[in-house]
Amino acid sequence: RRRLVGACASGVDVMSAQGDCEFLVKRARELVQEDLWAAKAWLITARSLYPADFNIQYEMYTIERNAERTASAGRLLYDMFVNFPDQPAVWREISVITSALRNDSQDNKQTQFLRSLFETLPGRVQCEMLLKATEQCFNTLERAEMLLLLLKRFPETVVQHGVSLGETLLEAENIEDQESSVNCFRKLFVCDVLPLIINNPDVRLPASLLYKYLNKAAEFYINYVTRSPQTETQHQGSQDTSDLMSPSKRSSQKYIIEGLTEKSSQIVDPWDRLFKILSVVGMRCEWQMDKGTRSFSDILHRMKDLCRYIGNFENEAHAKYRSQVVYSVLLVFFKNAFQYVSGIQPSLFQGPNAPSQVPLVLLEDASNAYVDVEVERSKHIHKKRKLAETREKTVSSDDEECSGKGRNRHILVNKTELPNSVELLESFKLAKESWELLHSVESLDKEFTRICLLWKTDTWLWLRIFLTDMIIYQGQYKKAVASLHHLAALQGSHSPQQVLGQGSLEQHRALIQLASCHYALGEYRLTCEKVLDLMCYMSPPAQDGVKTQEEPPKVKSKFRKGSDQKLLPCTNKAVMPYCFQLLLACFKLRAFTDNRDDMALGHVIVLLQHEWPRGENLFLKAVNKICQQGNFQYENFFNYVTNIDMLEEFAYLRTQEGGKIHLELLPNQGMLIKHHTVTRGITKGVKEDFRLAMERQVSRCGENLMVVLHHFCINEKILLLQTLS
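Just so it is clear, the model here is predicted, and its values are computed rather than measured. (Residues numbered from 1 in each chain as written. Predicted model: local features only at pLDDT ≥ 70, side-chain atom pairs only at ≥ 80, totals over all residues. Heavy atoms only, no water.)

## Topic: the overall build of the protein
Scanning the protein for helices and strands turns up 36 helices and 5 strands. Across the 725 residues of the protein, 51% fall into the buried class. Here the contacts in the protein between residues at least 6 apart in sequence split such that 74% fall between residues at least 24 apart. When the accessible surface of the protein is split by element, carbon and sulfur atoms take 51% of a total near 34800 Å². (Helix = DSSP H or I, 4+ residues; strand = E, 2+ residues; numbered from the N terminus. Buried < 20%, exposed > 50% of the residue type's maximum accessible area, 1.4 Å probe, protein only. Contact = heavy atoms within 4.5 Å. Areas by Shrake-Rupley, 256 points an atom, 1.4 Å probe, with all protein chains shown as cover.)

## A few points about the packing of helix α7 (residues 88–102) against helix α9 (residues 123–135)
Interhelical geometry of α7 versus α9 gives an angle of 105° and a closest axis separation of 11 Å. The pairing of α7 with α9 is recorded here as roughly perpendicular in orientation. Along its contact with α7, which presents Trp91, Ile94, Thr98 and Leu101, the element α9 presents Met129, Leu130, Lys132 and Ala133. Of the residues assigned to the contact of α7 with α9, the class counts are 6 nonpolar, 1 polar and 1 charged. (Axes fitted to C-alpha atoms, helices over the stretch in contact; angles between N-to-C directions. Parallel < 35°, antiparallel > 145°, perpendicular 65-115°, else oblique. Nonpolar A, V, L, I, M, F, W, Y, C, P; charged D, E, K, R; others polar.)

## Here we look at unusual backbone geometry
In this model, Trp612 is joined to Pro613 through a cis peptide bond whose omega is 10°. The residue Pro613 is located in the loop between α29 (598–607) and α30 (616–629) in this model. Positive phi, normally seen in glycine, also occurs at Asp269, with a value near 50°. Structurally, the position occupied by Asp269 is in the loop between α15 (262–265) and α16 (270–284). Residues other than glycine seldom take positive phi values, yet Glu286 does so here, at roughly 60°. Positionally, Glu286 belongs in the loop between α16 and α17 (296–308). Take Glu286: its relative accessible area is 58%, and that puts it in the exposed class.

## Observations concerning the pairing of strand β3 (residues 565–569)
Among the 5 residues in β3, 5 count as buried, and that is most of the element. Burial along β3 is two-sided: Gln565, Leu567 and Pro569 facing one way and Lys566 and Leu568 facing the other are all buried. Where strand β1 (residues 360–364) lies against β3, 5 bridges are found, and the strand directions are antiparallel. Bridge pairing in β3 links Val361 to Leu568. Strand direction decides the pairing type here: strand β2 (residues 411–412) and β3, joined by 2 bridges, are parallel. Paired with Leu412 across the bridge in β3 is Lys566. (Pairing = 2+ DSSP bridges.)

## Comments concerning the nonpolar core
Core analysis: the largest hydrophobic core is formed by 138 residues, its most contacted members being Ile222, Phe333, Phe334, Tyr340, Trp462, Phe466 and Leu567. Sort the elements by how many residues they give to this core and helix α18 (residues 315–344) lands first, with 15 residues. (Core = buried A, V, L, I, M, F, W, Y, C linked by side-chain atoms within 4.5 Å.)

## Quick word on the sheet that holds β3
The strands that make up a sheet are held in pairs by hydrogen bonds between backbone atoms, and each pair lies either parallel or antiparallel. Across the sheet, which stays open at both edges, the 3 strands sit in the order β1-β3-β2 with mixed pairing between neighbours. At either end of the open sheet lies a strand with only one pairing partner, and these are β1 and β2. Sitting on the sheet, helix α22 (residues 461–473) touches β1, β2 and β3, and the angle it makes with β1 is about 25°.

## Describing the packing of aromatic side chains
The full count for this structure, using the stated rule, is 33 aromatic pairs. Lying across the ring of Phe592, Lys621 places its NZ or CZ 4.8 Å from the centre. Between Arg654 and the ring centre of Phe690, over which it is positioned, the NZ or CZ distance is 4.0 Å. (Phe/Tyr/Trp six-rings, centres within 6.5 Å; stacked < 30°, edge-to-face > 60°. Lys NZ or Arg CZ within 6 Å of the ring centre and 35° of its normal.)

## So, the environment of Leu425
Note that Leu425 resides in helix α20 (residues 421–438). Judged by its relative accessible area of 24%, Leu425 falls in the partly exposed class. Through-space distance from the C-alpha of Leu425 to that of Asn336 is 9.8 Å; in sequence the pair is 89 residues apart. Every residue in contact with Leu425, bar those within four places of it in the chain, is listed here: Ile411, Val413 and Leu567.

## Re the packing of α16 against α18
Geometry of a packed helix pair, given as the angle between the helix axes and the separation of the axes. Between α16 and α18, the shortest axis-to-axis distance is 11 Å and the interhelical angle comes to 170°. On the basis of the axis angle, α16 is roughly antiparallel to α18. Listed contacts from α18 to Trp271, Leu274, Phe275 and Leu278 of α16 are Tyr327, Ser328, Leu331, Val332, Phe334, Lys335 and Phe338. Split by residue class, the contact of α16 with α18 holds 9 nonpolar, 1 polar and 1 charged.

## Here's the deal with the side chain of Lys530
Its place among the elements puts Lys530 in helix α26 (residues 524–535). For Lys530, which is buried and forms no salt bridge, the nearest opposite charge comes from Glu529, at a distance of 4.4 Å. The residues touching Lys530, leaving out its near neighbours within four places in the chain, are Leu511, Leu514, Ala515 and His518. (Lys, Arg positive; Asp, Glu negative; His and termini not counted. Salt bridge = Lys/Arg side-chain N within 4 Å of Asp/Glu carboxyl O.)

## Regarding the environment of Val82
Within the fold, Val82 resides in helix α6 (residues 70–83). Overall, the relative accessible area of 45% leaves Val82 in the partly exposed class. When the C-alpha atoms of Val82 and Met129 are compared, they prove to be 9.7 Å apart, with 47 residues separating the residues in sequence.

## Examining the environment of Ala542
Tracing the backbone shows Ala542 in the loop between α26 and α27 (555–558). The spatial distance from the C-alpha of Ala542 to the C-alpha of Lys573 is 8.5 Å, given a sequence separation of 31 residues.

## Description of the confidence of the model for the protein
For any part of a model where pLDDT is low, the fine detail of the predicted coordinates should not be relied upon. On average, residues of the protein carry a pLDDT of 78, and 75% of them reach 70 or more. Residue range residues 375–379 is modelled with pLDDT below 50. Its contacts to residues more than four positions away, or to other chains, number 10 contacts. Confidence drops under pLDDT 50 across residues 546–562; counting only partners more than four residues distant or on other chains, this segment forms 23 contacts. (pLDDT = per-residue confidence, 0-100.)

## Overview of α16
An ideal rise of 1.5 Å per residue puts 21 Å on 15 residues; α16 measures up with 21 Å between its terminal C-alpha atoms. Of the residues making up α16, those classed as buried are Pro270, Trp271, Leu274, Phe275, Ile277, Leu278, Val280, Val281 and Gly282. Packing partners of the buried residues in α16 comprise α12 (184–198), α13 (207–225), α17 and α18. Glu286 sits one or two positions beyond α16 and adopts a positive phi of about 60°. (Expected span 1.5 Å × (residues − 1).)

## What about the state of the cysteines?
On inspection of all chains with the given rule, the structure shows 0 disulfides. Free cysteine Cys579: the closest other cysteine sulfur is in Cys713, separated by 7.8 Å. (Disulfide = S-S within 2.5 Å.)

## Some words on the pattern of salt bridges
Under the definition given, this model contains 20 salt bridges. Asp192 serves as the salt-bridge partner of Lys152, at 3.4 Å between the closest nitrogen and oxygen. Placement of Lys152 in helix α10 (residues 140–153) and of Asp192 in helix α12 is noted, with a sequence separation of 40 residues between them. Since its relative accessible area comes to 13%, Asp192 is described here as buried. Among the salt bridges present, the one from Glu436 reaches Lys432, with a minimum N-O distance of 3.1 Å. Of this pair, Glu436 and Lys432 are both found in helix α20, 4 residues apart, which corresponds to roughly one turn of the helix. One network of salt bridges, in which partners are shared, links Arg124, Glu128 and Lys132.

Here it is in structure tokens:
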């Protein structure tokens, strides 16, 4: 030390030239690499001589920080914070440290050191440092994150700063004019600030503010869970596909909220978080709460009980319990509606890397299109009578007598197509009951409607899908038609990127449900129109091997008699047969009226080929009608009838034993008759034409019937619609 003082004394002229402090700092820097202790000695001496110089103390701090000595670096940082609070370098250092505190990464060694350095400071200093660091922030988001750090580390500051921080974030959201409730400001408020506020008993909040915060939280979490997959495309990575299938695990998908890091954008168990907020708000507002967790069914039952006597309460109590019912049932509704839609239309919520899962569509059951109670067999001895007599007879009431509105309706699902069908239908039931409860009392309806308008739920595509299915289930078909048009408008408003790859599928869904609703309303021409429009977007599925004529109809094992509705896979293979059933049901009524309509009867015969011999009884009735008429004209017969049983029956009708029925089945056969007519009637030329046409038709019996019927719908669209005019 004496040597150093001597050196200082001898170099006083140099120090005067370069500046005392600068020389000492520069000399210390030169010695750091070769002799760290000598460098420290220079700086200690310099600090003794010039205790008010910032550069000397900052250099001392830099040496200790670079050497990762947390205790000594912490003491020096504290001294600078106290003695030089206006120095930019100090705030740069504090900013680096606070950034490390906000950083969720545990891998960075430098980050861990800076956190440890901060922990060496006294608690009072930490609090003061964070508070002053917050005041130095001019960016709203950064300021909020800094203050949030303070609140989490020092819960006692929540009383003073918690509510103001929350209001600042909500105000920033409005000022920034965020399009979606899923934004950085709302996320910080709902996920980070709100739990600190409502779980702190020292923070006194009026009920109106608690309801406001609950509303904001519910809107955020519901929109977060039901967000569109298009924004997640580039972030999905190689995640386990089984997790993507589960709606409850969607929170694990990579999703970045603008303004936040990927990690802070992830929310684990969002539904659980939301129901916890509901529970805490309920306790603070003195709702009639039950201890312990309860199922959604239990919550609904409890709220139904509360609704029975809610009108007995005076103003303040009435408002309190009305809010309890609305928010409790509202959350049950949205949760279960989401569960249902994510089960039947998973592509709405999953990114393109998720495994493909076939969507389902809710439809009126049209399987009784093949049956009729008035099948008469006495007037014509059929060649294939023994087939009909040995086959099980199907009996059902007439199509038009059962509207389904007054009965308990059943939704049938093939469990191989949807393994979790029980949970799916339970979610549908709970969501439907929740909706009905929210609209059962005027005050509840008014409040629920207000919230929906505030959230703009009429723009939520997924919710419109649920509401449409619910309306169809309730049998309100006219209302369902309007809802489906609303649904189509919502689909059109979504970006092409999202609809790409599933646009045609979505179109199938809306069209087939429209056809189903028009059918239920008895609007058969509109039904036919929608089905034929749908056919233009479909292609026939491949033929599943050779099916024997005696095979019982598979549909019997899938859907029991008298079922009202079914969830059908939205695929060509499943939807096309349903379309044929609808067409058959529409034309069947016209074909078997007292007024003769050969065109409708011909269409029915063509359509009865599908799922043969399921509709054989109806075919026998058609043959009886032809026999009663004594003649039949349908020039499209040889274009579309390829069923061998039907061909044999019509060939038999021309024989003496079959009644020698006059059949005009060839195109332009009327002209041929005039050309070939002699004194004894039709010549051998016409008979020969019929025989050759029959032979050609028999050779077509192996054709894919789906292709034949698809061509029938496409090629004869105008004719089919004219028949129902």
